[in-house]
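A look at the structure
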Amino acid sequence: MTATLQSTDSSREADVRWWWDAVVYQVYVRSFSDANGDGIGDLTGVRARLSYLAELGVDALWFNPWYPSPQADAGYDIADYRAVDPNFGTLAEAEQLIAEARSLGIRTIVDIVPNHVSSEHPWFREALLAGPGSPERERFWFRPGRGTYGERPPNDWQSIFGGPAWTRVSDGEWYLHLFAPEQPDVNWSHSEVWTEHEDVLRFWFDRGAAGFRIDSAALLDKDPELAEVREDAPHPFMDRDAIHDVYRRWRAIAESYDEPRVLVGEVWLADAERLARYLRRDELHTAFNFDFLSCPWDAGRLRASIDSALAAHAPVDAPTTWVLSNHDVTRPVTRYGRADTSFSFESKRDGIPPTDLVRGTRRARAAALLAMALPGSLYVYQGEELGLPEVENIPDARRRDPIWHRSNGADPGRDGCRTPLPWSGDAPPYGFSPDGGAASWLGQPDGWGALTVTAQSDDPRSMLALYRDGLRVRREAPWGDSATIGWLSSTESVLAFARGDGFVCVVNFGPEPIQLLPGHDVLIASDNLEGGAVPQDTTVWLRPDATATIGEGQRKGVGL
Ligand code: NOJ
Ligand code: CA
């Protein structure tokens, strides 16, 4: 797809660089499909649904952590990096799944969590037993406390999940956890931490994993002096320069495979230039575009976000990614139906604002076609293709997310976007588990009958049909090999761009319908056009025909 690919003119090279424009589907196994009826999604369930994913048209799957874990943070607290949680299956079945998916042309990306381990991980258990001053404690951040009796934490760092980032153990020392207390941070100044993670990478690469998604990728290095967080000083634990050495090493390992493996960073940084530093040629391959994910439904803001991402990625020759949701954020149909359509973790503490799901769904459809039209790779979080809303009325007793608990209920947490998928039928479990199985680990709402895969498969106007159709047209690459876009002049409430000679994308945010003039074939539209006009909150993909010319003529052609 890219200019670089073109110039090599080799299909092998193109295959090796599959990640440049891949569609990656995120599987949250616990909520995908439960084959054995215990109410928890599992690998057998994923294997049984691989044909669904192939039909959807995805190139790769990214699995949230499937390793043995006490599940204090939904698997992001790993007790053993080289095995599979018995709730999900076995290592042998994971290998089978990787091979089966590959036989359908679908690659597998697994998740690595290098910033912290589970408090049940052997290293942490050994550290607790070995006591203060021991080599076992060096793998973590154990420190004495402040105050006469060491009764105050070593510093004032706050956990990203709320509350202090330190917990005291029975012998009086404190240990650092940037997330929950069950997730002690490891010490990346320790050589064994390096070698262990490198070995884990090889373990899964050797089993066919095509890549890793790297959790909390910008947090690994910490200031050994434990300086406080201050506006006017380098951050003591975020985006510190030493991290890049870790990823240079990982890239070399990834490149050592016959089909080079791929590294995808979870890097939440506001500054696109700082983000791009992780994507230099000898570091990570791609990183999630959280700026785009968080952006409000607003033509100007989205255009600025797209421009900034493309501009920051170009110098490092890395593809941009386009992401609308994941397992940590509010479902798009809910978010886009609110008065404030942006996403931020902070605002989740301000209460749950009302939403208009009809409007939100319309916008989510338009956003999906926008994201699919942009150059780079695309991430689809399970259920996004079904237009599932955020579940906002989960009974408190059913909530699992440590954010909910650590904020004393001020933040509803992330359970609302992690509801088990509805596959068929009119009532829970909607085919998620076999009939007669245990209740699902997290309840599904009533009234999701129209959102099931079966119901949507029969409806050409459904969200699922839009994703299938959109991804099909995307595969045909109506933009040829063009990896750049050119904005077309338009009013403030419209985004319009050309990509290559044969493709134009128009998104109308405003109430005034945009009249399309003759000379353009409609490839796909996110909603019905009204008498040849693009209504509000609608995206359309156009192919200019011979009567339209790129540039000035095309601008006229789309009537902007
Ligand atoms: C980011 C993951 O996406 C999130 O789910 C997790 O809670 C934190 N990292 C901590 O591992
Ligand atoms: Ca199960």
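Because the structure is a prediction, the values reported are computed rather than measured.

This next bit is on the sheet that holds strand E8 (residues 262–265). Taking strand neighbours across the sheet as the criterion, the eight strands line up as E9-E8-E7-E3-E2-E1-E11-E10 in an open arrangement whose pairing is parallel. Strands at the two margins of the open sheet, each flanked by one partner only, are strand E9 (286–287) and strand E10 (321–323). Where strand E1 (residues 23–27) lies against strand E11 (residues 377–381), four bridges are found, and the strand directions are parallel. Bridge pairing in E11 places tyrosine 25 opposite valine 380.

Moving on: the side chain of serine 216. Mapping serine 216 onto the fold places it in the loop between strand E7 (211–214) and helix H9 (243–255). With relative accessibility at 8%, the residue serine 216 sits in the buried group. In contact with serine 216, other than residues within four places in its own chain, are Asn115, His116, Phe179 and Glu266.

For the rest of this paragraph, the subject is the domain arrangement of the chain. Accessible area lost on assembly of the parts is the figure often given for the size of an interface. Per the domain assignment, the segments making up the chain are domain 1 (12–114 + 188–468), domain 2 (122–176) and domain 3 (482–554). If you average the C-alpha positions of domain 1 and of domain 3, the two centres end up 30 Å apart. Taken together, the 20 residues of domain 1 in the interface contact 24 residues of domain 3. Taken over both partners, the interface formed by domain 1 and domain 3 buries close to 1,900 Å², and the fraction arising from carbon and sulfur atoms is 65%. It is Ala299, Arg362 and Leu369 that lose the most area in domain 1 upon contact with domain 3, and together they represent 31% of the buried surface on that side. Among the ionic pairs, arginine 362 bridges to aspartate 527, the shortest N-O distance being 3.8 Å. Our count for the domain 1 to domain 3 interface comes out at nine residue pairs in polar contact (both at pLDDT 80 or more). Sorting the residues of the side of domain 1 that touches domain 3 by element identifies helix H12 (299–313) and helix H14 (357–373) as the ones contributing at least two each.

Attention now goes to the environment of aspartate 221. Counting through the fold element by element, aspartate 221 comes out in the loop between E7 and H9. Taking the C-alpha atoms as reference points, aspartate 221 and alanine 242, separated by 21 residues in sequence, lie 6.5 Å from one another. Side-chain polar atoms of aspartate 221 contact the side chain of arginine 240, separated by 3.0 Å.

Let us now look at the site of ligand 1. Taken together, 13 residues lie near ligand 1, and Asp73, Asp215, His327, Asp328 and Arg414 sit nearest. Side-chain polar atom of aspartate 215 to an oxygen atom of ligand 1: 2.7 Å apart, as the coordinates give it. Mapping ligand 1 onto the cavity grids shows that it belongs to the largest pocket. For the shell around ligand 1, the class distribution of residues is three nonpolar, three polar and seven charged.

The subject of this paragraph is the layout of surface pockets. Roughly 1,200 Å³ of internal volume is contained in the largest pocket. Along its surface, the largest pocket is lined by 47 residues, and Ile160, Met238, Trp268, Phe345 and Glu346 are the ones closest to its centre. Looking at the lining of the largest pocket, the elements that each hand over two or more residues are helix H10 (272–277), helix H11 (290–294) and H12. Split into classes, the residues belonging to the lining of the largest pocket amount to 23 nonpolar, 13 polar and 11 charged. Domain assignment of the residues forming the lining of the largest pocket places at least three in each of domain 1 (12–114 + 188–468) and domain 2 (122–176). Contributing to the lining of the second largest pocket are 25 residues, with Thr361, Arg365, Arg461, Ser462 and Met463 lying nearest its centre.

Let us now look at the coordination of the calcium ion (ligand 2). Every protein donor of the calcium ion (ligand 2) is accounted for by Asp34 (OD), Asn36 (OD1), Asp38 (OD), Ile40 (O) and Asp42 (OD), and the metal-donor separations fall at 2.3 Å. Here the donor residues for the calcium ion (ligand 2) map to a single chain with the spacing D-x1-N-x1-D-x1-I-x1-D. Using a relative accessible area of 31% as the deciding quantity, one classes aspartate 38 as partly exposed.

Let us look at helix H5 (residues 91–103). If you check H5, its first and last C-alpha atoms are 19 Å apart, about what 13 residues at 1.5 Å a residue would give, namely 18 Å. Along H5, the positions that sit buried rather than exposed are Glu93, Ala94, Leu97, Ile98 and Ala101. Summarising the axial view, the buried residues of H5 lie within an arc of 145 degrees, below the 170-degree limit, and thus occupy one face. Exposed residues on H5 whose side chains face more than 90 degrees from its buried face are Ala92 and Ser103. Residues of H5 that are buried in the fold lie against helix H3 (43–48), helix H4 (50–56), strand E2 (60–63), strand E3 (107–112) and helix H8 (191–206). Positive backbone phi, approximately 85 degrees, marks glycine 105, located one or two places after H5.

The subject of this paragraph is the nonpolar core. Of all hydrophobic cores here, the largest spans 145 residues; its most connected members are Tyr25, Trp66, Trp204, Tyr247 and Trp541. In terms of residue count, the dominant contributor to this core is H14 (nine residues). The residues contacting tyrosine 247, other than those within four sequence positions of it, are Ile214, Ala217, Leu220, Tyr278, Asp282, Glu283 and Leu284. In this structure, Trp141, Trp166, Leu178 and Phe179 belong to the second largest nonpolar core, which totals 14 residues.

So, on to the side chain of arginine 331. Topologically, arginine 331 is positioned in the loop between E10 and helix H13 (332–335). Glutamate 390 provides the closest opposite charge to the buried, unpaired arginine 331, separated from it by 5.4 Å. Within the structure, the side chain of arginine 331 is placed 2.9 Å from the backbone oxygen of glutamine 382, a separation counted as a polar contact. Beyond its immediate stretch of four places on either side in the chain, arginine 331 contacts Tyr381, Gln382, Gly383, Glu384, Leu388, Pro389, Glu390 and Cys417.

Here we come to the sheet that holds strand E5 (residues 166–168). If you walk across this open sheet you meet the three strands as E4-E6-E5, and the pairing is antiparallel. Only two strands of the sheet have a single partner each, and these edge strands are strand E4 (142–143) and E5.

For any two helices packed against each other, the geometry is given by the interaxial angle and the distance between the axes. One way to put it is that H8 packs onto H9 with a least axis distance of 11 Å and a crossing angle of 30 degrees. Judged by the angle between their axes, H8 and H9 are roughly parallel. The chirality of how H8 crosses H9 is right-handed. Within the contact between the two elements, H8 uses Trp194, His197, Glu198, Leu201, Arg202 and Phe205 and H9 uses Asp245, Val246, Arg249, Trp250, Ile253 and Ala254. Per-class residue counts for the contact of H8 with H9 are seven nonpolar, one polar and four charged.

Rules used in this analysis
Residues numbered from 1 in each chain as written. Chains lettered and ligands numbered in written order. Predicted model: local features only at pLDDT ≥ 70, side-chain atom pairs only at ≥ 80, totals over all residues. Heavy atoms only, no water. Pairing = 2+ DSSP bridges. Helix = DSSP H or I, 4+ residues; strand = E, 2+ residues; numbered from the N terminus. Buried < 20%, exposed > 50% of the residue type's maximum accessible area, 1.4 Å probe, protein only. Contact = heavy atoms within 4.5 Å. Domains from an automatic or database assignment. Buried area = accessible area lost by both parts, 1.4 Å probe. Salt bridge = Lys/Arg side-chain N within 4 Å of Asp/Glu carboxyl O. Polar contact = N/O pair within 3.5 Å; in protein donor to acceptor, adjacent residues only side chain to side chain. Near = heavy atom within 4 Å. 1 Å grid on protein atoms, 1.4 Å probe; cavity = no way out; pocket = protein on both sides within 12 Å on 5 of 7 lines; lining within 4 Å. Sits in = over half its atoms within 2 Å of the grid points. Nonpolar A, V, L, I, M, F, W, Y, C, P; charged D, E, K, R; others polar. Points joined across faces, edges and corners; volume = space filled by probe spheres on them. Donors = N, O, S within 2.8 Å, 3.2 Å for Na, K, Ca; no water. Expected span 1.5 Å × (residues − 1). Arc of directions from axis to C-beta. Core = buried A, V, L, I, M, F, W, Y, C linked by side-chain atoms within 4.5 Å. Lys, Arg positive; Asp, Glu negative; His and termini not counted. Axes fitted to C-alpha atoms, helices over the stretch in contact; angles between N-to-C directions. Parallel < 35°, antiparallel > 145°, perpendicular 65-115°, else oblique. Left-handed = near helix turned anticlockwise from the far one by under 90°.

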